[in-house]
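# Secondary and tertiary structure notes
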Amino acid sequence: MTLHDLTTADAAEYKAFFTEALHRHPDCFRIAPADEAREPFPTTGAPDSFTRALRDASGALAGIVSFQREGATRERLRHRGLLFRMYVAREFGGQGLGKRLIEEVVRRATALGDIEQINLTVVATNTPARRLYEAFGFAVWGVEPRAIKHADDTYADEAQMTKFLE
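If you're wondering where the values come from, they're calculated on a predicted model, not measured in any experiment. (Residues numbered from 1 in each chain as written. Predicted model: local features only at pLDDT ≥ 70, side-chain atom pairs only at ≥ 80, totals over all residues. Heavy atoms only, no water.)

## Here we look at the pattern of salt bridges
Applying the stated criterion across every chain, the model contains 15 salt bridges. For Asp 48, the salt bridge identified is with Arg 69, shortest N-O distance 2.7 Å. Taken as a pair, Asp 48 in the loop between helix 2 (33-38) and strand 2 (49-55) and Arg 69 in strand 3 (residues 61-69) lie far apart in primary sequence, 21 residues in all. Overall, the relative accessible area of 18% leaves Asp 48 in the buried class. Residue classification places Arg 69 among the buried residues on the basis of a relative accessible area of 7%. Taken together, the shared-partner salt bridges connect Asp 5, Arg 52, Glu 104, Arg 107 and Arg 108 into one network. (Salt bridge = Lys/Arg side-chain N within 4 Å of Asp/Glu carboxyl O. Helix = DSSP H or I, 4+ residues; strand = E, 2+ residues; numbered from the N terminus. Buried < 20%, exposed > 50% of the residue type's maximum accessible area, 1.4 Å probe, protein only.)

## Re the nonpolar core
Of all hydrophobic cores here, the largest spans 40 residues; its most connected members are Leu 83, Ile 118, Tyr 133 and Phe 138. At the level of elements, helix 1 (11-24), strand 2, strand 3, strand 4 (80-88), helix 3 (97-112), strand 5 (117-123), helix 4 (127-135) and strand 7 (155-164) are the ones that each hand at least two residues to this core. When residues in this core are grouped by element, the largest group, six residues, is from helix 3. Apart from the residues within four sequence positions on either side, Phe 138 is in contact with Leu 83, Ile 102, Ile 118, Leu 120, Tyr 133, Met 161, Thr 162 and Lys 163. (Core = buried A, V, L, I, M, F, W, Y, C linked by side-chain atoms within 4.5 Å. Contact = heavy atoms within 4.5 Å.)

## Section: the pairing of strand 4
Strand direction decides the pairing type here: strand 3 and strand 4, joined by six bridges, are antiparallel. Counted as the bridge partner of Ile 64 is Tyr 87 from strand 4. Sheet topology places strand 4 next to strand 5; three bridges connect them, and they run parallel. Its bridge partner lying in strand 5, Gly 81 is registered against Ile 118. A crossover connection joins strand 4 to the parallel strand 5 through helix 3; in handedness this β-α-β unit is right-handed. (Pairing = 2+ DSSP bridges. Right-handed = clockwise from strand over helix to strand, strands pointing away.)

## Thoughts on helix 1
Taking 1.5 Å per residue, 14 residues should reach 20 Å; helix 1 reaches 20 Å between its end C-alpha atoms and fits that length. Along helix 1, the residues classified as buried are Tyr 14, Phe 17, Phe 18, Ala 21 and Leu 22. Summarising the axial view, the buried residues of helix 1 lie within an arc of 145 degrees, below the 170-degree limit, and thus occupy one face. Across from the buried face of helix 1, at angles greater than 90 degrees, the exposed residues are Ala 12 and His 23. Packing partners of the buried residues in helix 1 comprise strand 1 (2-6), helix 2, strand 2, strand 3 and strand 4. (Expected span 1.5 Å × (residues − 1). Arc of directions from axis to C-beta.)

## Re the packing of aromatic side chains
A complete count under the given rule lists seven aromatic pairs for this structure. Relative to Phe 41, the ring of Tyr 14 lies with its centre 5.2 Å away and its plane at 70 degrees, an arrangement referred to as edge-to-face. Taken together, the residues span a long stretch of sequence, with Tyr 14 in helix 1 and Phe 41 in the loop between helix 2 and strand 2 at a distance of 27 residues. We classify Tyr 14 as buried; its relative accessible area is 1%. Note on Tyr 133 and Phe 138: the rings are 5.9 Å apart at their centroids and 65 degrees apart in plane angle, and the pair reads as edge-to-face. By relative accessible area, which is 9% here, Tyr 133 ends up buried. The structure contains a cluster of three or more aromatic residues connected by ring pairs, namely Tyr 14, Phe 17, Phe 18, Phe 29, Phe 41 and Tyr 87. When the ring centre of Phe 50 is taken as origin, the NZ or CZ atom of Arg 108, which lies over that ring, is 3.9 Å away. (Phe/Tyr/Trp six-rings, centres within 6.5 Å; stacked < 30°, edge-to-face > 60°. Lys NZ or Arg CZ within 6 Å of the ring centre and 35° of its normal.)

See the structure below:
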């Protein structure tokens, strides 16, 4: 597996991969496939706004994660970062790719020097994802009930998690 940055030049490939995730796991994301169709590439390629990807030996995307500084234009919020849009394709599950992606986000956020915490949201019932984040020191500090409403009028709660960097 190779790890590298994705940029706007990779937008079509990224969008196809992430849209597949939304179709395969609609209960694990707050965004619907129709929403993703209208979204621009999620990050700018700056040191504090990046999307990382893992590719298999054939060059196919196996996993992705994005990070951006929260409050990029707000002085009092610049110490926070947001980990979002993390996904490892089902066929690559159990190989430690999620761990590798989180390690990379934490490493790069720490290297910025002024990021003190990384925040994320996760569907509260997504136990495997919550356990993975907890293994890296993320802790739940709140749960928003009925945060996500699905087309069939069912709801999902979202857990808010934070990791403080040392």
